[in-house]
Amino acid sequence: REYITGVREKEERERIDRAERGPRGQLLRDYWTDLLGLARSQTNLFGGVSPSEDNWIMSGSGITGLHYYFIVRKHDVTVGFHMESVKKRNKVAFD
């Protein structure tokens with residue numbers, strides 16, 4: 001009974017969140033769905049990433065501290081590679 005109540009409360013919070021985000025959230029989810037489909041046809045790097053209503057998505061590279069990301073804004077898109085590690089480790093990974 002407690003579990004069912006918790007699930008219902010979670011579903012209600014998610015419904016309210018979607019309503020507050022409005023059509024922009026669905027637009028972003030649709031965008032990421034299409035982009036991830038295209039990316040998956042070329043590489044497996046984004047295979048474990050799900051579409052979201054955020055304006056960014058990120059995926060690990062398979063190496064600790066190295067990530068690929070996409071950011072979409074109103075008038076442009078950024079594609080990037082982020083290195084979180086210390087300088088010496090970054091140099092080794094980059095070379």
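For clarity, every value in this text was computed on a predicted model and none was experimentally measured.

> Teacher, can you tell me more about the packing of aromatic side chains here?
The way to describe two aromatic rings as a pair is by their centre distance and the angle between their planes. Inspection of the entire model under this criterion finds 4 aromatic pairs. Measuring from ring centre to ring centre gives 6.4 Å for W32 and F70, while their planes differ by 45 degrees; the resulting arrangement is tilted. A residue pair is termed long-range when its members are at least 10 positions apart, and W32 in helix α1 (residues 2-42) and F70 in strand β2 (residues 66-72) qualify at 38 residues. In terms of burial, W32 and F70 fall into one category: buried. A centroid spacing of 5.1 Å and a plane angle of 50 degrees characterise the contact between Y68 and F81, whose relative ring orientation is tilted. Of this pair, Y68 sits in strand β2 while F81 is found in strand β3 (residues 77-83), placing the two residues 13 residues apart along the sequence. Assessed through its relative accessible area of 29%, Y68 is described here as partly exposed. Of the residues examined, F81 reaches a relative accessible area of 37% and is grouped as partly exposed. Site record: aromatic cluster; members linked through ring pairs are Y31, W32, F46 and F70.

Rules and cut-offs
- Residues numbered from 1 in each chain as written.
- Predicted model: local features only at pLDDT ≥ 70, side-chain atom pairs only at ≥ 80, totals over all residues.
- Heavy atoms only, no water.
- Phe/Tyr/Trp six-rings, centres within 6.5 Å; stacked < 30°, edge-to-face > 60°.
- Helix = DSSP H or I, 4+ residues; strand = E, 2+ residues; numbered from the N terminus.
- Buried < 20%, exposed > 50% of the residue type's maximum accessible area, 1.4 Å probe, protein only.

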